[in-house]
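Listed below, chain by chain, are the residues.
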Amino acid sequence: MSWKARAISGVGAALLGVAVLAVAWPGAHQAQAAGEGCTAFLAGAQSGKKTPVELVVFNTTATAFTLDLIIRDPAGIELVNRPGEIAVAARATAIVSIEEQLSRDLDRKTKPYEGIVSIELVGDSPFDEEQVIVHATQYFGKRSKPKGAVVFRPLFELVP
Amino acid sequence: MAISRWLLLTALTILLAGGTALLVRGTAKADGDVTLYVSGFDIGPKKTASLRLTNVSPSVADVYSIQLTVREIDQGIVIRRPVGDGARLFRGQTLELEIGDVVDQFRAGFELSGWDGAVQVVAFGTGGVLNDFGPDTVLVEAVQTEGKASYGVVVEWRVEE
């Protein structure tokens with residue numbers, strides 16, 4: 001084969017490679033964006049009467065969705081597991097009291113769990129890092145008159 | 001000799017294609033509208049939600065017109081729409097907005113009472129000549145105060161597709 005023929009075949013192969021990349025790149029990107037859904041993990045908040053925690057989910061999309069809510073203690077034991085608990089309308093924000101979640105099913109005499117919690121939110125698309133803003137606010141003091149507050153951000157993981 | 005020519009041509013073609021691809025991607029990113037989302041604000045009596053935007057663009061030509069939409073959180077209903085041409089923000093200037101006052105002023109125009117409750121804020125800017133409104137040109141501080149607590153709320157930039 002002459003060098004010209006090799007050059008032409010080389011250029012052809014390179015162009016073919018670039019074309020395949022150009023077609024595949026956006027496709028792969030969109031596949032990730034429109035994936036099955038995500039899990040968001042929040043850790044380090046301390047729920048209690050004097051340390052209320054509020055979970056905030058801001059849906060920036062025009063599509064409503066629901067989320068499963070799981071709350072665990074530091075040992076990983078489930079304190080709450082409520083599928084479909086959080087419904088977020090399009091362009092709306094859901095605010096969830098972790099204290100209320102922990103005390104909802106208990107009778108009046110039973111003291112709800114107080115201490116460090118980790119929060120897991122599971123939902124289908126459009127629930128992901130790019131389209132939904134998730135955070136938890138830890139208040140110190142009464143919720144109505146807090147003495148201090150700190151905001152926790154989540155770690156998102158794609159659901160395979 | 002023939003093989004080295006073949007390699008040279010292939011390498012040149014790949015470089016050319018790669019450069020073109022980068023150029024196209026860069027242009028596409030610059031053309032996307034960047035929106036600022038602020039989550040965690042709460043307005044009403046004895047509560048302050050402060051949003052400060054500072055134009056840190058390297059170019060004096062980048063003067064942004066800032067528009068603000070505020071929504072209530074339950075259904076995402078707009079309680080304050082963008083008004084007129086927006087607030088001008090020159091390089092080095094800081095635009096300080098008390099979200100409660102901004103919402104109440106807007107509602108007063110419709111003879112509505114002030115708003116009390118959690119809100120979500122969306123801002124966008126137009127008018128940058130050399131650099132678009134975005135995280136590289138605008139510094140954002142969003143602080144909520146209630147009771148004795150003063151804390152930063154969540155600020156996120158999103159490229160709208």
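The coordinates are above.
In this report, we go over the structure that sits alongside the text. This structure is a prediction, so every number in the text was calculated from the model and none was measured. (Residues numbered from 1 in each chain as written. Chains lettered and ligands numbered in written order. Predicted model: local features only at pLDDT ≥ 70, side-chain atom pairs only at ≥ 80, totals over all residues. Heavy atoms only, no water.)

1. Observations regarding the overall build of chain A
Now for step 1: A tally of regular secondary structure across chain A gives two helices and nine strands.
Now for step 2: The buried share among the 160 residues of chain A stands at 39%.
Now for step 3: Restricting to contacts in chain A with at least 6 residues of sequence separation, those with at least 24 account for 69%. (Helix = DSSP H or I, 4+ residues; strand = E, 2+ residues; numbered from the N terminus. Buried < 20%, exposed > 50% of the residue type's maximum accessible area, 1.4 Å probe, protein only. Contact = heavy atoms within 4.5 Å.)

2. Observations concerning the packing of aromatic side chains
Residue and element names in this part refer to chain A.
Now for step 1: According to the stated counting rule, one finds seven aromatic pairs over all chains in the structure shown.
Now for step 2: When the ring of Phe 127 is compared with that of Phe 156, the centres are 5.5 Å apart and the planes differ by 50°; the resulting orientation is tilted. On the criterion of sequence distance, the pair formed by Phe 127 in the loop between β6 (115-124) and β7 (132-141) and Phe 156 in strand β9 (residues 155-158) is long-range, its members being 29 residues apart. Taken individually, Phe 127 and Phe 156 each receive the classification buried, so the pair is uniform in this respect.
Now for step 3: Put simply, the rings of Phe 65, Phe 127 and Phe 156 pair up and form one aromatic cluster.
Now for step 4: One cation-aromatic arrangement involves Arg 143 over Tyr 139; the distance from NZ or CZ to the ring centre is 4.0 Å. (Phe/Tyr/Trp six-rings, centres within 6.5 Å; stacked < 30°, edge-to-face > 60°. Lys NZ or Arg CZ within 6 Å of the ring centre and 35° of its normal.)

3. With respect to the sheet that holds strand β4 (residues 78-88) of chain A
All names here are of chain A.
Now for step 1: With antiparallel pairing, the five strands of this open sheet are ordered in space as β4-β3-β6-β1-β9. Looking along the sheet, the strands with just one partner apiece sit at the ends: β4 and β9. Averaged over all neighbouring strand pairs, the angle between strand axes comes to 20°, with direction disregarded.
Now for step 2: Where strand β3 (residues 65-72) lies against β6, five bridges are found, and the strand directions are antiparallel. Bridging across to β6, Ile 71 finds its partner in Ile 119. (Pairing = 2+ DSSP bridges. Axes fitted to C-alpha atoms, helices over the stretch in contact; angles between N-to-C directions.)

4. Details of the nonpolar core
Now for step 1: Counting residues in each nonpolar core, the largest one holds 30 residues, and the members touching the most others are Val 38, Phe 41, Leu 51, Leu 53, Leu 68, Ile 99 and Val 121 of chain B.
Now for step 2: Taken together, the elements giving at least two residues each to this core come down to β1 (33-43), β2 (47-55), β3 (64-72), β6 (94-98), α2 (99-108), β7 (117-126), β8 (138-146) and β9 (149-152) of chain B.
Now for step 3: Discounting residues that sit within four places of it in the chain, Ile 99 of chain B has contacts with Phe 41, Ile 43, Ala 49, Leu 51, Leu 68, Val 70, Val 119 and Val 121 of chain B.
Now for step 4: Formed by 26 residues, the second largest nonpolar core is a distinct cluster that contains Ile 71, Ile 86, Ile 98 and Leu 102 of chain A. (Core = buried A, V, L, I, M, F, W, Y, C linked by side-chain atoms within 4.5 Å.)

5. Re the pattern of salt bridges
Should their charged atoms come close, side chains of opposite charge can pair.
Now for step 1: Evaluation of the coordinates by the stated rule reveals 14 salt bridges over all chains.
Now for step 2: A salt bridge links Arg 143 of chain A to Glu 54 of chain A; the shortest N-O distance between them is 2.9 Å. Of this pair, Arg 143 of chain A sits in the loop between β7 and β8 (146-152) while Glu 54 of chain A sits in strand β2 (residues 53-59), and the two are 89 residues apart along the sequence.
Now for step 3: The closest approach of N and O atoms between Glu 85 of chain A and Arg 104 of chain A, which form a salt bridge, is 2.6 Å. Within this pair, whereas Glu 85 of chain A is found in strand β4, its partner Arg 104 of chain A is found in the loop between α2 (98-103) and β6, the two being separated by 19 residues in sequence.
Now for step 4: Relative accessible area serves as the criterion here: at 25%, Glu 85 of chain A is assigned to the partly exposed category.
Now for step 5: Overlapping salt bridges, with partners in common, bring together Glu 54 and Arg 143 of chain A together with Asp 42, Lys 47, Asp 116 and Glu 146 of chain B in one network. (Salt bridge = Lys/Arg side-chain N within 4 Å of Asp/Glu carboxyl O.)

6. Brief notes about unusual backbone geometry
Outside of glycine, negative phi angles account for most residues, and trans bonds account for most peptide bonds.
Now for step 1: A cis amide bond, omega 15°, links Ser 125 of chain A with the succeeding residue Pro 126 of chain A.
Now for step 2: Despite not being glycine, Lys 46 of chain B has its phi angle at roughly 65°, a positive value.
Now for step 3: Within the secondary structure, Lys 46 of chain B sits in the loop between β1 and β2.
Now for step 4: Take Lys 46 of chain B: its relative accessible area is 78%, and that puts it in the exposed class.
Now for step 5: In this model, Glu 111 of chain B sits at a positive phi of 55°, which is unusual for a non-glycine residue.
Now for step 6: Here Glu 111 of chain B is to be found in the loop between α2 and β7.

7. Some points on α2 of chain B
Residue and element names in this part refer to chain B.
Now for step 1: Buried within α2 are the following residues: Ile 99, Gly 100, Val 102, Val 103, Phe 106 and Arg 107. The buried residues of α2 occupy an angular sector of 165° when the element is viewed end-on, so they sit on one face.
Now for step 2: Of the surrounding secondary structure, the elements contacted by the buried residues of α2 are β1, β2, β3, β4 (78-80), β6 and β7. (Arc of directions from axis to C-beta.)

8. Observations concerning the environment of Ala 136 of chain A
Residue and element names in this part refer to chain A.
Now for step 1: The residue Ala 136 is located in strand β7 in this model.
Now for step 2: With a relative accessible area of 1%, Ala 136 lands in the buried category.
Now for step 3: Each C-alpha atom of the pair Ala 136 and Val 57 lies 8.7 Å from the other, and the pair is 79 residues apart in sequence.

9. Some remarks on the pairing of β3 of chain B
Residue and element names in this part refer to chain B.
Now for step 1: Among the nine residues in β3, eight count as buried, and that is most of the element.
Now for step 2: Note that β3 and strand β5 (residues 87-89) share three bridges and pair antiparallel. The residue bridging Ser 65 from the neighbouring strand is Arg 88, located in β5.
Now for step 3: The pairing of β3 with β7 spans eight bridges and is classified as antiparallel. Across the sheet, the residue bridging to Leu 68 is Ala 123, located in β7.
Now for step 4: The turn linking β3 back onto β4 is made up of five residues, and Gly 76 within it adopts a positive phi angle of 70°.

Functional significance is not addressed by these values, which are geometric in nature.
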